[in-house]
Amino acid sequence: MTTDDRNDPELNIVDPETNQQMSYLVLSDEERAKGFVRPVRRTYVHLTCEAVTTMGLKIAETYARDPGFYTGTFCSNCGTHFPVDQFVWDGTDLKVGS
């Protein structure tokens, strides 16, 4: 689930089954509609375990509009969040968040 409401109480709640947040903050539809400064990429690789994770479209568009918006992202294999500099976009050597 995503939200553009910075006060959404679910932003601070972690699902105990998945270890993911119940809701992830994204830029508003209007802000994302202004265009992207990077390509929209949905899949990234954790450099530590080499697992591939695919994110939802609104999160990917938020990265494409504002690459520095997030400081961390989730590894589907490790089951936790790590700083974005521990990931590269799948098929590239480009760090997520840069």
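In this report, we go over the structure that sits alongside the text. Because the structure is a prediction, the values reported are computed rather than measured. (Residues numbered from 1 in each chain as written. Predicted model: local features only at pLDDT ≥ 70, side-chain atom pairs only at ≥ 80, totals over all residues. Heavy atoms only, no water.)

### What to know about unusual backbone geometry
Trans peptide bonds make up most of the peptide bonds, and negative phi angles are found at most residues other than glycine.
Right, so step 1: Backbone geometry at Asn 19 places phi at a positive 65°, although glycine is not the residue there.
Right, so step 2: With respect to the element layout, Asn 19 can be found in the loop between strand E1 (2-3) and strand E2 (24-25).
Right, so step 3: Under the relative-accessibility criterion, Asn 19 is labelled partly exposed at 33%.
Right, so step 4: One non-glycine residue, Glu 50, lies in positive phi territory at about 65°. (Helix = DSSP H or I, 4+ residues; strand = E, 2+ residues; numbered from the N terminus. Buried < 20%, exposed > 50% of the residue type's maximum accessible area, 1.4 Å probe, protein only.)

### Examining the pairing of strand E5 (residues 72-75)
Right, so step 1: Alignment of E5 against strand E6 (residues 80-83), held across four bridges, turns out to be antiparallel. By the bridge assignment, Thr 73 is partnered in E6 with Phe 82.
Right, so step 2: Linkage of E5 to E6, two consecutive antiparallel strands, is achieved through a turn of four residues, within which Gly 79 is found at a positive phi near 75°. (Pairing = 2+ DSSP bridges.)

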